[in-house]
Amino acid sequence: LDMGYMLYEEKDYILTSQKSRISRDALIFGIERIRIKGKSIVKPDAVLRGDLASVYIGKYCVIEEGAVIRPHSKRSSKGFGYFPI
């Protein structure tokens, strides 16, 4: 899978300590429970839901515009719950 070069404006992204780039227009909830490994990209309008349960994103991942990353959910007789991914 070759995505080619991705051009972006540096001012529109935050560069993390592990060289990942996160768009300033991405929606991120529960940032303390979101782990993003090195050189990943989160594009504008992507949604990361760490407020529900922990979310882990590996190296070299590209989260495209409009994507929603949230933990797995399960309905049971005891209620509704989320599980880390």
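Model, not experiment: these values are computed from the prediction.

Caption draft 1: View of the overall build of the protein chain. Within the protein chain one finds zero helices and eleven strands. Along the chain direction, N to C, the helices and strands of the protein chain fall in the order β-β-β-β-β-β-β-β-β-β-β. For the protein chain, the spread of C-alpha atoms along the three principal axes comes to 50 × 30 × 20 Å. Every one of the 85 residues in the protein chain was classed for burial, and the buried ones make up 28%. For the protein chain, the share of sequence-separated contacts (at least 6 apart) that also reach a separation of at least 24 residues comes to 12%. As displayed, the protein chain offers around 6300 Å² of accessible surface, 52% of which is attributable to carbon and sulfur atoms. Averaging the coordinates of the 15 positive side-chain charges in the protein chain and doing the same for the 10 negative ones gives two points 12 Å apart.

Caption draft 2: Summary view of the sheet that holds strand β9 (residues 68-69). Across the sheet, which stays open at both edges, the three strands sit in the order β3-β6-β9 with parallel pairing between neighbours. At either end of the open sheet lies a strand with only one pairing partner, and these are β3 (27-29) and β9. Relative to β9, strand β6 (residues 47-49) runs parallel, the two being bridged by two bridges. Looking at the pairing, valine 47 lines up with valine 68 of β9.

Caption draft 3: Inspection of the pairing of strand β10 (residues 72-76) at higher detail. With five bridges joining them, β10 and strand β11 (residues 79-83) adopt antiparallel strand pairing. Across the sheet, serine 76 pairs through a bridge with glycine 79, a residue of β11. Taking the residues that link successive antiparallel strands as the turn, the β10-β11 hairpin has two residues.

About the criteria used
- Residues numbered from 1 in each chain as written.
- Predicted model: local features only at pLDDT ≥ 70, side-chain atom pairs only at ≥ 80, totals over all residues.
- Heavy atoms only, no water.
- Helix = DSSP H or I, 4+ residues; strand = E, 2+ residues; numbered from the N terminus.
- Buried < 20%, exposed > 50% of the residue type's maximum accessible area, 1.4 Å probe, protein only.
- Contact = heavy atoms within 4.5 Å.
- Areas by Shrake-Rupley, 256 points an atom, 1.4 Å probe, with all protein chains shown as cover.
- Lys, Arg positive; Asp, Glu negative; His and termini not counted.
- Charge placed at Lys NZ, Arg CZ, Asp CG, Glu CD.
- Pairing = 2+ DSSP bridges.

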